[in-house]
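Working through the structure, step by step
One-letter residues, chain by chain:
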Amino acid sequence: MKRKIAAILLAGCLGMTALTPAAASPSASKETDKESETKADAEAASERSSEIVSETASEASSTHRTSAETGTEDAGSITEAMSETESTAVTERPDYRALDYVTVGQYRQLPVETDEITVTDEDIDAALRAAIPAEDYTDVPDGTVERGDIVNIDYIGKIDGNEFEGGTAKGQDLTIGSGTFIDGFEEGLLGLKAGDTTDLDLTFPEDYVSSTLAGKAVVFTVKINSIRRAPEITSELISEISDGSYSTVEGYRDYQREQVQAQKEEEQENEINTELMTLLYNTCKISSYPPELMAYSKYQITQYYENMAARYGMSTDDFLQQTMGMDEASFEAAVEKNAEEGLQQELILKAIAETEGMEVSDEEYEEGCRQYAQTMGYGDDVENFRNDFGEKEIRVSLLMSRVMQFVRDNAVITVRETETESELRPEEITESATESQTGPAAEKKTKEQSDAATEAAAETTTETTTETKD
């Protein structure tokens, strides 16, 4: 699989997610334990280091512009609250020595377990269904719910007879067999008709994303509003959905098999990198943060939101209050916390680079600029890309990417063999629940896995290092 470019630091606004309103997922936990927070930090860091989209690039480049350039007079009220010295000294990324702030722990031979990649017929069927336009699905007014159907449902969740936050929804579409809800939810809808209502006696997983719900018995009262089903897969349909690229069902299935394989390989690599960063967070200790770097990071965050406010024609204070419910004091506190969290990965990886004597050569810099420009939507306009992000930011990003690959190259990866879904009966639903944006969704990774990985990192292993996929 072709390795993706890891632009860890180029988009300064990527670290801003912690400041967005906490209403995106109604069941998301508002308080997590230390292990969950560490895992979340690693997942966010891994995502930042593995995937950059052009929209993010556009937003990020705006952080390099001042409020005056937006043409809004009052957009800089938060920046004005900072000291004059700080606000003028942080517009350029400062140099610093990471080893002055980080005690480096084990970073070679880090042990990570991962599941064997298998592509089943059920995976291919799901990919085919996903490729079919929604308008091609037909209503099933008299039939019963089957695997692969899209059901529109209302549900109410109760614990000890009381409704709980995030446990209720109306008019929600759910694909049966997608594994997006907790075990037993989707299975419990099989065989029902449109208009039926059922009570599902279930239990939230012990490792559920919300600690207040984890392990709790719950009753979901679910009503089936409608059932929609994919049409029969024919050569004509395949030709239509592939724009004529494929004319046979088998040919298109082979194509989808390759796509699913590539997607699973990419997901596996992201999960491995997440686990590795989790281990690094636990073996490397940050004693403090470089003051000038913190000021620079806070300035970038503040500028991002001021520019956002200006684009909406609002003062920064009004924008923060109306969109996030924050006053100046709470915003500054959130910026401080967000800046620290955003710098954790940089400090640790840069400390490893200094320990190993790694640097980015001029040749690597030039090639990195060309690749970044292509990846982030600049095309061949490398000069414009450089102007938007600056040489220091680009070099740091390239260094972080190189160190992460070094850690990955020297990791000990153990592949667990897993039972394939093709061995299950056709009417069975996969039992592996994944994280969803809705109430009964289940967290994919377990606390036990994180604990086991952290404990294993403390021991030196002599297993053979795996080779990186290119």
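Now for a look at the structure at hand. (Residues numbered from 1 in each chain as written. Predicted model: local features only at pLDDT ≥ 70, side-chain atom pairs only at ≥ 80, totals over all residues. Heavy atoms only, no water.)

Notes on the pattern of salt bridges
Within this structure, the stated rule accounts for 23 salt bridges. With its nearest N and O atoms 2.9 Å apart, the salt bridge here joins Asp362 to Arg395. On the criterion of sequence distance, the pair formed by Asp362 in helix α11 (residues 362–375) and Arg395 in helix α13 (residues 391–409) is long-range, its members being 33 residues apart. Among the ionic contacts, a cluster of salt bridges with common partners joins Arg93, Glu346 and Glu393. (Salt bridge = Lys/Arg side-chain N within 4 Å of Asp/Glu carboxyl O. Helix = DSSP H or I, 4+ residues; strand = E, 2+ residues; numbered from the N terminus.)

Some words on unusual backbone geometry
A positive phi angle, near 55°, is found at Gln109, a position not held by glycine. Mapped onto the secondary structure, Gln109 falls in the loop between β1 (102–103) and β2 (111–115). Phi at Asp160 is positive, roughly 55°, even though this residue is not glycine. Relative to the helices and strands, Asp160 resides in the loop between β4 (150–159) and β5 (162–175). According to the relative accessible area criterion, Asp160 is exposed, its value standing at 74%. (Buried < 20%, exposed > 50% of the residue type's maximum accessible area, 1.4 Å probe, protein only.)

Re the packing of aromatic side chains
Two aromatic rings, taken as a pair, are described by how far apart their centres are and by the angle between their planes. Applying the stated rule across the entire model yields 20 aromatic pairs. Where Tyr107 meets Phe406, the ring centres are 6.3 Å apart and the plane angle is 50°; that geometry is what we call tilted. Highlighted residues: Tyr107 in the loop between β1 and β2 and Phe406 in helix α13, separated in sequence by 299 residues. Considered together, Tyr107 and Phe406 belong to a single accessibility category, that of buried residues. Linked through ring pairs, Tyr155, Phe164, Phe181, Phe185, Phe204, Tyr208 and Phe220 together constitute an aromatic cluster. The cationic tip of Arg395 hangs over the ring face of Tyr365; the distance from NZ or CZ to the ring centre is 4.5 Å. (Phe/Tyr/Trp six-rings, centres within 6.5 Å; stacked < 30°, edge-to-face > 60°. Lys NZ or Arg CZ within 6 Å of the ring centre and 35° of its normal.)

A short note on the nonpolar core
Soluble globular proteins: nonpolar side chains tend toward being buried together. Leu280 and Phe385 are the most contacted members of the largest nonpolar core, which totals 61 residues. Mapped onto this core, the elements with two or more residues apiece are α7 (249–283), α8 (291–311), α9 (316–324), α10 (328–356), α11, α12 (382–389) and α13. Sort the elements by how many residues they give to this core and α10 lands first, with eleven residues. (Core = buried A, V, L, I, M, F, W, Y, C linked by side-chain atoms within 4.5 Å.)

Re the pairing of strand β6 (residues 197–203)
Only one face of β6 is covered, namely the one carrying Thr198, Leu200 and Leu202; the face carrying Thr197, Asp199, Asp201 and Thr203 has none of its residues buried. Note that β6 and strand β7 (residues 217–229) share seven bridges and pair antiparallel. From the neighbouring strand, Asp201 faces β7, where its bridge partner is Val219. (Pairing = 2+ DSSP bridges.)

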